[in-house]
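These are the residues of each chain, in order.
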Amino acid sequence: MPEDGFGGAGGFGGVAAAPAAMAYELRPLSLGEILDRTFSLYRRRFWLYVGLAAVAAAITTLGEFARLTWGLSGSKIAAADGPRAVLVTLATTLGTLLLYLVAYCLTQAATVHAVNAAYLGRETSIGASFATVRRHWLRYIGIVFWQGCSAVWVPVVLAILGAVLLAPKFGLQVLGAIVLVLAGLSFIYVLIAYIRNSLGIVASVVEDLGVARAMRRSKVLVAGRKGSVLALLLLMYVLNLAGGIVQGVLAVFMVMAHGGGRAALEALVLLATFVVGSLVAPVGAIAFCVFYIDQRVRREGYDVELLMEAGGVGGPLAPFGGAAGGSPFSAPPGSPFGTAMGFGGVAPPPPPVGDSPFSRPLGDVSEGGADGGSGTRG
C-alpha cells in the first residue's frame, strides 16, 4: 500500500480505510477556546510534538555548543591569526543559521501535518510527518524567507534613507530622535506585515499551495482577525521569555564560575536551550494551525468539507463532477448519491422492464397512473 503519511490509515491511495471519527467538534471558536484547544492537542500528543520540535532544538543546541567552544579557544586563534578567526566565526554562524532555517521550516510543516491529522482523528508519527512534508522543504524555506523580507524591508529602506538624506542636514541629537520615531512606526508595520503572512506554512501544508499562493491565502484568512493573531504572538513571546529567563540566569552563573563549575553550568545551559526549544516551539505551530482551521470553518464551511471527507462523500473528482472511478470516497452501492447524482457511487439498478409504465403501449396505461385506476387511453 502506498504510504500516505498517516500510517496507512488515511485512505489516500491503496485500499480505503474506514472513515475516522472527527476528534474535535468543528465550530467557530473564541480566542479562549482556540488557546484551550491548542493546549489540549499539546497534552494529548505531547511526545509527538516535542519530538518534532526536538530536531530544530538540537540544531540550536549544537550551534550554542560551537559558540561556547569557540569562546574558549577563539582567543588563542585570534592572537595567532586574526583573519582566520573572523572567517571561522563567520562560517560557523552562517552554517548554524542555515541548518536551523531548514530544520525550523520542516519542523513547523511537520507539526502542522500532525495537528491536521489529529483533527481528522488519524494517527501519525514523527517519521511519517517528516516524510510527508520533506519533498516541499524548499517551498517552506521560501515562505519563511518571504515572511521575513516582507516584514523588514520597510525598516531597512527607512534606515538607509535616514542615513543618506538626514545625516548631512541635522545634528546627531535631532537625527537620533527622528530615527526613534521611524523605528516605532517601522515596528508597527513589521508587526502587521508578519501577522498578515503568519498562516503561510499552514496554508501551504494543508492546501498544498506554492509560496505566492500561500501568502495570498494567509492574507485572506487573517483579514478581520489580526487582534487574535497578535494575542497568539504575545503568548509565544511570553513562553519564549520565560525560557529565556531560565537560560539567562544559568548564563550569568556560568560567566561567574571557573574550572569544573563553569563546565557543569555550560552543560546546563546547553540542556536548557534544548529543552526550552523542544517544549515551546510546538505551541506556536499548534496554535496557528487551530486558528487556520477555525478561520476556514467560519468563512468557508470547512467543517462540512471535513465531515464529508471523513464520511466518504468527497474525494478525487472525475469529469462532470463525479468522484473518480474506484475512489475510496465514492458513495456506497445503492446510495442516493450515486452516479446519477455525480458523486461516483454505484447507481441503483433500474426497475425491471416489465414493471416500468413506460414499457407498455400508451393504450395500456391507466389514466389513474400505475395503480391500475379507472380508465385507459385509446
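Before going into details, it helps to say that this report is about the structure given with it. (Residues numbered from 1 in each chain as written. Predicted model: local features only at pLDDT ≥ 70, side-chain atom pairs only at ≥ 80, totals over all residues. Heavy atoms only, no water.)

1. Some remarks on the overall build of the protein
Using the following cut-off: Elements are defined by DSSP. Helices are runs of H or I of four residues or more, strands are runs of E of two residues or more, and each kind is numbered from the N terminus. The cut-offs for exposure are 20% and 50% of the maximum accessible area for each residue type, with area from a 1.4 Å probe on protein chains only; residues under the lower value are buried, those over the upper are exposed, and the others partly exposed. Only heavy atoms matter for contacts: two residues are in contact if any of them lie within 4.5 Å across the pair. Method for areas: the Shrake-Rupley scheme with a 1.4 Å probe, in which residue coverage is limited to the protein chains shown.
The helix and strand tally for the protein stands at 11 helices and zero strands. The linear arrangement of helices and strands in the protein, starting from the amino end, is α-α-α-α-α-α-α-α-α-α-α. For the protein, with 378 residues in total, the buried portion stands at 37%. When contacts within the protein are restricted to residue pairs at least 6 apart in sequence, long-range pairs at least 24 apart make up 66% of them. In the form shown here, the protein has an accessible surface area of approximately 20700 Å², with 71% of it arising from carbon and sulfur atoms.

2. Quick look at the packing of aromatic side chains
Operational definition: Note on ring pairs: Phe, Tyr and Trp rings are taken, using the six-membered ring of Trp, and paired if centres are within 6.5 Å. Classes follow the plane angle, with under 30 degrees stacked, over 60 edge-to-face and the rest tilted.
Enumeration according to the criterion identifies four aromatic pairs in this entry. Between the aromatic rings of Phe46 and Trp47, the centroid separation amounts to 5.0 Å while the plane-to-plane angle is 80°, which identifies the pairing as edge-to-face. Phe46 gets classed as partly exposed once you look at its relative accessible area, which sits at 27%. Judged by its relative accessible area of 69%, Trp47 is exposed. Look at Trp153 and Tyr189: their rings are 6.3 Å apart centre to centre, the planes differ by 85°, and that puts the pair in the edge-to-face class.

3. A word on the environment of Leu279
Within the fold, Leu279 resides in helix H10 (residues 259-300). For Leu279, a relative accessible area of 35% translates into the label partly exposed. Between the C-alpha atom of Leu279 and that of Leu239, which follows or precedes it by 40 residues, the distance is 9.5 Å. Beyond its immediate chain neighbours, meaning those up to four positions away, Leu279 contacts Tyr42, Phe46 and Val50.

4. Here's the deal with unusual backbone geometry
Of note in this structure, Asp208 is not a glycine but carries a positive phi near 55°. Along the chain, Asp208 turns up in the loop between helix H7 (200-207) and helix H8 (211-222).

5. A look at the nonpolar core
Inclusion rule: Each nonpolar core is a collection of buried residues, namely Ala, Val, Leu, Ile, Met, Phe, Trp, Tyr and Cys, held together in the definition by side-chain atoms within 4.5 Å.
Core analysis: the largest hydrophobic core is formed by 56 residues, its most contacted members being Leu41, Tyr49, Tyr119 and Ile293. With 12 residues, H10 is the largest single contributor of residues to this core. If you look at the next biggest cluster of nonpolar residues, it comprises six residues, including Leu250, Met254, Ala257 and Leu265.

6. Focus: the environment of Ala272
Along the chain, the position of Ala272 falls in helix H10. Distance from Ala272 to Leu250, taken between C-alpha atoms, is 8.7 Å for residues 22 residues apart in sequence. Those residues in contact with Ala272, other than ones at most four positions away along the chain, are Gln247 and Leu250.

7. Things to note about a nonpolar patch on the surface
In plain terms, the rule: Residues with no salt bridge and a relative accessible area higher than 30% make up the patches, which join like charges within 9 Å and nonpolar side chains (Val, Leu, Ile, Met, Phe, Trp, Tyr) within 5 Å. By definition, a salt bridge exists where a carboxyl oxygen of Asp or Glu is found within 4 Å of a side-chain nitrogen of Lys or Arg.
Side chains of Val152, Trp153, Val156, Val157, Ile160, Leu161, Val164 and Leu165 sit close together on the surface and give an oily, nonpolar patch of about 730 Å² of accessible area. You can see Val164 is positioned in helix H5 (residues 137-166).

8. Observations concerning the packing of H7 against H8
Note the following rule: Helix axes are fitted to C-alpha atoms over the stretch in contact, other axes to C-alpha atoms as well, and angles between N-to-C directions run from 0 to 180 degrees. Roughly parallel here means an angle under 35 degrees, roughly antiparallel means over 145, roughly perpendicular means 65 to 115, and every remaining angle is called oblique. If you view the pair so one helix is near and one far, a crossing is left-handed when the near helix is turned anticlockwise from the far one by less than a right angle, and right-handed when it is turned clockwise. Each residue gets one of three labels, nonpolar for Ala, Val, Leu, Ile, Met, Phe, Trp, Tyr, Cys and Pro, charged for Asp, Glu, Lys and Arg, and polar for the others, Gly among them.
At a closest axis distance of 8 Å, the pairing of H7 and H8 adopts a crossing angle of 115°. As summarised for this structure, H7 and H8 are arranged roughly perpendicular, according to the angle between their axes. Classified by chirality, the crossing of H8 by H7 is right-handed. Listed contacts from H8 to Gly200, Ala203, Ser204 and Glu207 of H7 are Ala214, Met215, Arg217 and Ser218. Broken down by class, the residue content of the contact of H7 with H8 amounts to three nonpolar, three polar and two charged.

9. Things to note about the packing of H7 against H10
Packing of H7 against H10 leaves a shortest axis separation of 10 Å and a crossing angle of 65°. Taken together, the axis directions place H7 and H10 in an arrangement best described as roughly perpendicular. The handedness of the crossing between H7 and H10 comes out as right-handed. Note on element contacts: H10 touches H7 through Phe288, Cys289, Tyr292 and Arg296, opposite Val202, Ala203, Val206 and Glu207. Of the residues contributing to the contact of H7 with H10, the split by class is six nonpolar, no polar and two charged.

10. Structural notes on the pattern of salt bridges
Within the structure shown, the criterion is met by nine salt bridges. Here Glu33 and Arg27 are joined by a salt bridge, their closest N and O atoms 3.0 Å apart. On the basis of relative accessibility, which here comes to 30%, the residue Glu33 falls in the partly exposed class. Assessed through its relative accessible area of 30%, Arg27 is described here as partly exposed.

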